[in-house]
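Architecture at a glance
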Amino acid sequence: QVQLVESGGGLVQAGGSLRLSCAASGRTLSPYRMAWFRQAPGLERESVATISRSTYYPDSILGRFTISRDYAKNTVYLQMNSLKPEDTAVYCCAAGMGKGPMRLHEVEYWGQGTQVIVSS
C-alpha cells in the first residue's frame, strides 16, 4: 500500500504561484508513474501533470505548471505559476503503473487532496 499526503494548497491572487507537495509512505514511489489531478466544483476530475520517464501536461497547463519528483524524499511536487481563477480546484496526487499521461482508470493510489483558491 502507498499512502499519499498532499500539502501546500491555499489562497493566492491571480498571477501568483504555489508549490504543492505529495509525500508518500508505505512504499517507495520509484516504480510508479505519478500525476496531479484537479477537480473544480461541478466539473470532472482532470489530469494536470504526469511524470514518468518524461513529463506530460495538457495544453491548458503547458508552460505554467511543472511536475517534479525527489526519489530520496519519496515526494512529488507541482510548481504552479501564473495562476488563474479557473485553476481553483482541489488538487490530488496519484500513483499508478504504466506509461504516458496518466488517465483516471490507471490510478492505483490517491491522496486526499489539497484546496487551491485563486482570487481575481
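In case you missed it, the structure is sitting above this.
Residues numbered from 1 in each chain as written. Predicted model: local features only at pLDDT ≥ 70, side-chain atom pairs only at ≥ 80, totals over all residues. Heavy atoms only, no water.

This next bit is on the nonpolar core. Of all hydrophobic cores here, the largest spans 30 residues; its most connected members are Leu4, Trp36, Leu78, Met80 and Tyr91. For Leu78, the contacting residues outside a window of four places in its chain are Leu18, Arg19, Leu20, Trp36, Val48, Ala49, Phe65, Thr66, Ile67 and Tyr91. In terms of nonpolar packing, the next biggest core, distinct from the first, is built from 5 residues, Ala35, Phe37, Met102 and Val107 among them. (Core = buried A, V, L, I, M, F, W, Y, C linked by side-chain atoms within 4.5 Å. Buried < 20%, exposed > 50% of the residue type's maximum accessible area, 1.4 Å probe, protein only. Contact = heavy atoms within 4.5 Å.)

Once that is clear, we can look at the sheet that holds strand 1 (residues 3-7). Taken in spatial order, the 4 strands of this open sheet run 1-3-8-7, and their pairing is antiparallel. A strand with exactly one partner marks an edge of an open sheet, and here the two such strands are strand 1 and strand 7 (65-70). With direction set aside, neighbouring strand axes in the sheet form an average angle of 15°. In terms of strand pairing, strand 3 (residues 18-25) meets strand 8 (residues 75-80) through 6 bridges, oriented antiparallel. When the bridges of strand 8 are listed, Cys22 appears paired with Val76. (Pairing = 2+ DSSP bridges. Helix = DSSP H or I, 4+ residues; strand = E, 2+ residues; numbered from the N terminus. Axes fitted to C-alpha atoms, helices over the stretch in contact; angles between N-to-C directions.)

Between side chains of opposite charge, a pair can form as their charged atoms come close. Tallied over the entire structure, the rule returns 5 salt bridges. When the shortest N-O distance is used, the salt bridge between Arg38 and Glu46 registers 2.6 Å. The class of Arg38 is buried, set by a relative accessible area of 7%. On the basis of relative accessibility, which here comes to 34%, the residue Glu46 falls in the partly exposed class. The salt bridge partner of Arg38 is Asp87, with a shortest N-O separation of 2.8 Å. On the criterion of sequence distance, the pair formed by Arg38 in strand 4 (residues 33-39) and Asp87 in the loop between strand 8 and strand 9 (89-96) is long-range, its members being 49 residues apart. Asp87 matches Arg38 in its accessibility class, with the two residues each being buried. (Salt bridge = Lys/Arg side-chain N within 4 Å of Asp/Glu carboxyl O.)

The backbone of Asn74 sits at a positive phi, close to 55°, despite the residue not being glycine. Summarising the element assignment, Asn74 is placed in the loop between strand 7 and strand 8.

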